[in-house]
Amino acid sequence: KEWRETFSTYCVSHGQLLNADAWLISIDEMDRRVHRAKDRMRMERRKMMMGHALRHDLKNTNRGVVIDKVVNSESNGNGGGSGSVGGGDHG
């Protein structure tokens, strides 16, 4: 935003008339367009990465951490009731 002040000072010092209101409105519009373009790119990238991650997950269904919700004292070895945590195939 400092460059706006510098540019307007430069124009005035060199005798160039400057319609400050119209100029600031156009600068704000340019800023809005840049931010919208960045947001669109970010959303497209996020959508692409989510699609890639979902395809990867579908191909690797046996990998990952599975948390069993069933309390099973034999599988967790502590005789308690927190369930078991493990990876791989839980048939």
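Residues numbered from 1 in each chain as written. Predicted model: local features only at pLDDT ≥ 70, side-chain atom pairs only at ≥ 80, totals over all residues. Heavy atoms only, no water.

Novice: When you look at the overall build of the protein chain in this model, what are you seeing that I'm missing?
Specialist: When helices and strands are counted, the protein chain shows three helices and two strands. For the protein chain, the N- to C-terminal ordering of α and β elements is α-α-β-α-β. For the protein chain, buried positions account for 8% of its 91 residues. Put simply, of all contacts in the protein chain between residues at least 6 apart along the chain, 21% involve residues at least 24 apart. As displayed, the protein chain has an accessible area near 8,100 Å², and 57% of this comes from carbon and sulfur atoms. (Helix = DSSP H or I, 4+ residues; strand = E, 2+ residues; numbered from the N terminus. Buried < 20%, exposed > 50% of the residue type's maximum accessible area, 1.4 Å probe, protein only. Contact = heavy atoms within 4.5 Å. Areas by Shrake-Rupley, 256 points an atom, 1.4 Å probe, with all protein chains shown as cover.)

Novice: Looking at this model, I keep getting lost on helix α1 (residues 2–13). Mind explaining?
Specialist: Think of an α-helix as 3.6 residues a turn; residues three or four steps apart then line up on the same face. Helix length check: α1 (12 residues) gives 17 Å between terminal C-alpha atoms against 16 Å at 1.5 Å per residue, within 8%. Buried within α1 are the following residues: R4, S8 and C11. Take α1 and look down its axis: the buried residues cluster within an arc of 60°, on one side only. Summarising the geometry of α1, the exposed residues directed more than 90 degrees from the buried face are E2, E5, T6 and S13. Those residues of α1 that are buried are in contact with α2 (20–59). Where α1 terminates, the next one or two residues include G15, which has phi positive at roughly 75°. (Expected span 1.5 Å × (residues − 1). Arc of directions from axis to C-beta.)

Novice: Is there a simple way to think about the pattern of salt bridges in this case?
Specialist: Side-chain pairs of opposite charge can arise whenever the charged atoms involved come near each other. Applying the stated criterion across every chain yields a total of five salt bridges. Across the pair R32 and E29 runs a salt bridge, and its minimum N-O distance is 2.9 Å. Here E29 and R32 lie together in helix α2, a separation of three residues that amounts to about one turn. Owing to a relative accessible area of 25%, E29 belongs among the partly exposed residues under this scheme. One salt bridge in this structure joins K47 and E44, with 3.8 Å as the shortest N-O distance. Here K47 pairs with E44, and both are found in helix α2, just three residues apart, close to one helical turn. Through salt bridges that share partners, E29, R32, R33 and R36 make up one connected network. (Salt bridge = Lys/Arg side-chain N within 4 Å of Asp/Glu carboxyl O.)

Novice: Any chance you could explain the side chain of S8 here in plain terms?
Specialist: Residue position: S8 is located in helix α1. Classification of S8 by relative accessible area gives buried; the value is 18%. One polar contact links the side chain of S8 to the main-chain carbonyl oxygen of E5, over a distance of 3.0 Å. (Polar contact = N/O pair within 3.5 Å; in protein donor to acceptor, adjacent residues only side chain to side chain.)

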